Amino acid sequence: MSSPAAPARLSMTQVLLCGAAIVTLSMGIRHGFGLWLQPITMERGWTRETFAFALAVQNLAWGLAGPLAGGLADRFGAFRVLIVGSLLYALGLVLMAVSTSGLAFTGSAGLLLGMAQSGTTYAIVYGVIGRNVDASKRSWAMGVAAAAGSFGQFLMVPVENWLIGGIGWQSALFVLGCLALAIMPLAFGLREPERAAATGHQQSVGAALREAFGYPSFRLLMAGYFVCGFQVVFIGVHMPSYLKDKGLGAEVATGALMLVGLFNVFGTYIAGTLGQRMAKRHILA
């Protein structure tokens, strides 16, 4: 009796190129949102707390919608989730530009963009990498994808600052909305055969969460991600306006955010490479 054929895999090069490009766009756009704090609040007459609250909601929505987006990707394929995520991303950016009340801004820049990011960032791309890259190279491949997110910050922050200065903050958001749609053609590179998306042990989301929270390592990783996300988002949202308050030009904040992204590229790539050779708990420590 012959064993069933293994599911067809996508090319590792294809997965990395398309996945890295998607993460570069999705993470690159979000890392520059702090550049909009001052122009939006000044023109709309809002407090900075209004803007910051919407960005806080965005990050909470991203986190809460992440397991749902991952479950949908397991069931229907990452390709479909990426397509919907790209459309939500573009829509959220356009509505962010035209929102005239704090509530509408929280709904667009907060809820909508947070849900969009859950369907266009690491959770979805890592799933495709995990299914299509051999275990011997998986940690390195995920390090490459993580480095792409940091490269997005290095690449997109100066572009966003240039757009704001050149065409205004509203038009800049419209341009970013068009860029977010570029995720759709890239998603075709991560389109797996239907049978590949359906293979493996089927487990409910509740059962998966119970199993995950049963591991102390998982809980510690969540705590680590919380610390990482808190300080990165805090710096990204508030540092540009703080530096302007101190009389420094926009190029100073842009340069600082670019350097954060640039050095994180090296750090994440090195960590991913070391993960193939050393115990990951030692690297984290």
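See the structure above.
Just so you know, these numbers come straight off a predicted model, no measurement behind them.

Parameters at a glance
Residues numbered from 1 in each chain as written. Predicted model: local features only at pLDDT ≥ 70, side-chain atom pairs only at ≥ 80, totals over all residues. Heavy atoms only, no water. 1 Å grid on protein atoms, 1.4 Å probe; cavity = no way out; pocket = protein on both sides within 12 Å on 5 of 7 lines; lining within 4 Å. Points joined across faces, edges and corners; volume = space filled by probe spheres on them. Helix = DSSP H or I, 4+ residues; strand = E, 2+ residues; numbered from the N terminus. Nonpolar A, V, L, I, M, F, W, Y, C, P; charged D, E, K, R; others polar. Phe/Tyr/Trp six-rings, centres within 6.5 Å; stacked < 30°, edge-to-face > 60°. Buried < 20%, exposed > 50% of the residue type's maximum accessible area, 1.4 Å probe, protein only. Salt bridge = Lys/Arg side-chain N within 4 Å of Asp/Glu carboxyl O. Patch = residues over 30% accessible without salt bridge, like charges linked within 9 Å, V, L, I, M, F, W, Y side chains within 5 Å. Areas by Shrake-Rupley, 256 points an atom, 1.4 Å probe, with all protein chains shown as cover. Core = buried A, V, L, I, M, F, W, Y, C linked by side-chain atoms within 4.5 Å. Contact = heavy atoms within 4.5 Å.

**Section: the layout of surface pockets**
Now for step 1: Considering only enclosed or pocket space, the second largest pocket measures out at about 180 Å³ in volume.
Now for step 2: Surrounding the second largest pocket, A65, L68, A69, L72, V81, V84, G85, L88, M115, S118 and G119 form its lining.
Now for step 3: Listing elements by their share of the lining of the second largest pocket, those giving two or more residues are α3 (48-76), α4 (78-98) and α5 (102-118).
Now for step 4: The class makeup of the residues in the lining of the second largest pocket is 8 nonpolar, 3 polar and no charged.

**What about the packing of aromatic side chains?**
Two numbers describe a pair of aromatic rings. These are the distance of the centres and the angle of the planes.
Now for step 1: The final tally for this structure, using the stated rule, is 9 aromatic pairs.
Now for step 2: Between Y122 and Y126, the aromatic rings sit 5.5 Å apart at their centres with planes inclined by 35°, giving tilted as the arrangement. Here Y126 and Y122 lie together in helix α6 (residues 122-132), a separation of 4 residues that amounts to about one turn.
Now for step 3: Residue Y126 is classed as partly exposed on the basis of its relative accessible area of 22%.
Now for step 4: Their ring planes at 25° and their centres at 6.3 Å tell us that F226 and F230 sit as a pair that is stacked. With F226 and F230 both in helix α12 (residues 216-245) and 4 residues apart, the pair spans about one turn of that helix.
Now for step 5: You can call F230 exposed: its relative accessible area is 56%.

**Some remarks on the pattern of salt bridges**
Now for step 1: Tallying each qualifying case throughout the model produces 4 salt bridges.
Now for step 2: Its salt-bridge partner being R131, residue D74 comes within 3.5 Å of it at the nearest N-O pair. In this pair, D74 sits in helix α3 while R131 sits in helix α6, placing the two residues 57 residues apart along the sequence.
Now for step 3: Judged by its relative accessible area of 46%, D74 falls in the partly exposed class.
Now for step 4: The class of R131 is partly exposed, set by a relative accessible area of 27%.
Now for step 5: A salt bridge links R131 to E192; the shortest N-O distance between them is 2.9 Å. Here R131 is found in helix α6, whereas its partner E192 is found in the loop between α9 (183-187) and α10 (194-198), with 61 residues between them in sequence.
Now for step 6: The class of E192 is buried, set by a relative accessible area of 10%.
Now for step 7: Several salt bridges converge on common partners, so that one network encompasses D74, R131 and E192.

**Remarks on a nonpolar patch on the surface**
Now for step 1: Together, L259, F263, F266, Y269, I270, L274 and M278 make up an exposed nonpolar region whose accessible area comes to about 680 Å².
Now for step 2: On the accessibility criterion, L259 (45% relative accessible area) is partly exposed.

**Overview of the nonpolar core**
Now for step 1: In terms of nonpolar packing, the biggest core is built from 33 residues, with W36 and L93 touching the most fellow members.
Now for step 2: Excluding residues that lie within four positions of it along the chain, W36 makes contacts with F51, E160, I164, W169, A172, L173 and L176.
Now for step 3: Ranked by size, the runner-up nonpolar core spans 27 residues in total, among them V15, V133, A141 and L190.

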